Amino acid sequence: MVRNIAAVMADLEPGDFYLLSGVEQGMRFSRWVNREKLPDYSDLTPENVDYRLDRCMQRELIQRKTIQYEGYQLTFEGYDALALRTFAQRDTVEGVGSSLGVGKESDVYEVQSYKPMALKFHREGYTNFRAVNKERDYTSDKNHVSWLYTARKAAEREHEVLETLYPDVSVPRPIDQNRHAIVMEKLPGVELARARFDSGQVVGVLDLILREVAGAYDAGYVHADMSEYNVFVDEDGITIFDWPQAVATDHENANELLERDVENLLGWFRRKYPSDIPETPTARTVAESIAAAEFTSIREIDD
């Protein structure tokens, strides 16, 4: 897990951020930024660059390699620091609290601000860059694609989708976005995977989720990664989160991805509550009813 960088922020000086921004600028063109180019990228003197490199290295905000040439790149902590500084300058974030969740492609923290919020740092591409670069269509239009670019594009995509869907679809309310980070409302309740329902509630909960999937489709998006781990449930209803991989409904694979989403949901409910969920309809039939804007309840669909 990438560590919470919030505790380091108070120790950083303006010049440190110039250096970090310079490394970020250089990473647009190469994975490792040549030491000789940093004065131009950071607008610092060579002597000040040396001083800032030492400070940022000590705080693990950058890393160095010396094979072929002396080069530097941001760590995710360094990238986090740049995003946090921007959020602080915008008065979006006053402080960062405890961890709310750690996933394979993101870290989420509680945000100290005017109301309960969550800060999500995207980590796509950092540990499995080749796989993410192949799967996500927003990485296909550049010759040089770094994990930095991949994570930022994931955050931009998710923020764009949330802004489109909210409030008509039950998704987290988006508040701000910078680089690879999004600030959004803090979700109440628990993950669907951890929730427990009485027999009479099961179909109703499934229908609630499928109606939101249908609402997202009507608004122009397919989630494309639905599971029991990206639905929150509380006494007021459900919320679908984690949208960076969403595709537009005019995407060539949209209907296939919609069917897969439905299959994931039906499969989980049927495994968890086998006596409460009917064996029919199939995922394809439900997906077709969603695409045709005809979905109401799984009990009212005939195969």
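As recorded in an unreviewed UniProt entry, the protein goes by the name non-specific serine/threonine protein kinase, listed as coming from Salinirubrum litoreum. Its UniProt record gives the protein the following Cofactor (unreviewed entry) comment, quoted word for word: "Mg(2+)".

Caption draft 1: Fine view of the overall build of the protein. Helix and strand content of the protein: 10 helices and 13 strands. For the C-alpha atoms alone, the extent of the protein along its principal axes is close to 75 × 40 × 30 Å. Taking all 303 residues of the protein together, the buried fraction comes to 53%. In the protein, the share of contacts with a sequence separation of at least 24, taken over all contacts with a separation of at least 6, comes to 61%. Taken as two groups, the 35 positive and 54 negative side-chain charges of the protein have centres that lie 6 Å from each other.

Caption draft 2: Spatial organisation of the environment of Ser99. With respect to the helices, strands and loops of the structure, Ser99 is situated in strand β4 (residues 95–102). For the pair Ser99 and Glu256, spaced 157 residues apart in the sequence, the C-alpha separation amounts to 35 Å. If near-sequence neighbours (up to four positions away) are discounted, Ser99 is found in contact with Val108 and Tyr109. Engagement of the side chain of Ser99 in a polar contact is seen with the backbone nitrogen of Gly101, the distance being 3.4 Å.

Caption draft 3: Local environment of the pairing of strand β2 (residues 62–65). Pairing between β2 and strand β3 (residues 71–74): 4 bridges, direction antiparallel. Paired with Gln63 across the two strands is Gln73, which belongs to β3. Counted between consecutive antiparallel strands, the loop separating β2 from β3 contains 5 residues, among which Gln68 sits at a positive phi close to 70°.

Caption draft 4: Quick peek at the pattern of salt bridges. Evaluation of the coordinates by the stated rule reveals 15 salt bridges. For Glu13, the salt bridge goes to Arg55, with nearest N and O atoms at 3.9 Å. One end of the pair, Glu13, is in the loop between α1 (6–9) and α2 (14–26); the other, Arg55, is in helix α4 (residues 46–58), and 42 residues separate them in sequence. On the basis of relative accessible area, Glu13 is assigned to the partly exposed category, the value being 29%. Residue Arg55 is classed as buried on the basis of its relative accessible area of 11%. One salt bridge connects Asp176 with Arg90, and the closest N-O pair in it is separated by 2.8 Å. One end of the pair, Asp176, is in strand β7 (residues 174–178); the other, Arg90, is in the loop between α5 (76–89) and β4, with 86 residues separating them in the sequence. In this structure Arg90 comes out as partly exposed when scored by relative accessible area, which is 41%. The network of salt bridges with shared partners includes Glu13, Asp16, Arg52 and Arg55.

Caption draft 5: Main features of the packing of helix α9 (residues 254–272) against helix α10 (residues 283–291). Where α9 meets α10, the closest approach of the two axes is 8 Å, and the angle between their N-to-C directions is 125°. Relative to α10, α9 is oriented oblique. Two packed elements cross with a definite hand, and for α9 against α10 that hand is right-handed. Counted together, Asn255, Leu258, Glu259, Val262, Glu263 and Leu266 of α9 and Ala283, Arg284, Val286, Ala287, Ile290 and Ala291 of α10 form the full contact between these two elements.

Caption draft 6: The environment of Asp250, seen in detail. As for its position among the elements, Asp250 is in the loop between β13 (247–248) and α9. Residues Asp250 and Tyr221, spaced 29 residues apart in sequence, show a C-alpha to C-alpha distance of 8.6 Å.

Caption draft 7: Region of the structure containing the sheet that holds strand β11 (residues 231–234). Across the sheet, which stays open at both edges, the 3 strands sit in the order β9-β11-β12 with antiparallel pairing between neighbours. Of all the strands in the sheet, just β9 (190–191) and β12 (237–240) have a single pairing partner and so form its edges. Bridge count between β9 and β11: 2 bridges; the pairing is antiparallel. Within the sheet, the bridge partner assigned to Glu191 lies in β11 and is Phe232. Contacting β11 and β12, helix α8 (residues 202–219) runs over the sheet at an angle of about 40° to β12.

Rules used in this analysis
- Residues numbered from 1 in each chain as written.
- Predicted model: local features only at pLDDT ≥ 70, side-chain atom pairs only at ≥ 80, totals over all residues.
- Heavy atoms only, no water.
- UniProt positions renumbered as here; feature names shortened; annotations may be inferred.
- Helix = DSSP H or I, 4+ residues; strand = E, 2+ residues; numbered from the N terminus.
- Buried < 20%, exposed > 50% of the residue type's maximum accessible area, 1.4 Å probe, protein only.
- Contact = heavy atoms within 4.5 Å.
- Lys, Arg positive; Asp, Glu negative; His and termini not counted.
- Charge placed at Lys NZ, Arg CZ, Asp CG, Glu CD.
- Polar contact = N/O pair within 3.5 Å; in protein donor to acceptor, adjacent residues only side chain to side chain.
- Pairing = 2+ DSSP bridges.
- Salt bridge = Lys/Arg side-chain N within 4 Å of Asp/Glu carboxyl O.
- Axes fitted to C-alpha atoms, helices over the stretch in contact; angles between N-to-C directions.
- Parallel < 35°, antiparallel > 145°, perpendicular 65-115°, else oblique.
- Left-handed = near helix turned anticlockwise from the far one by under 90°.

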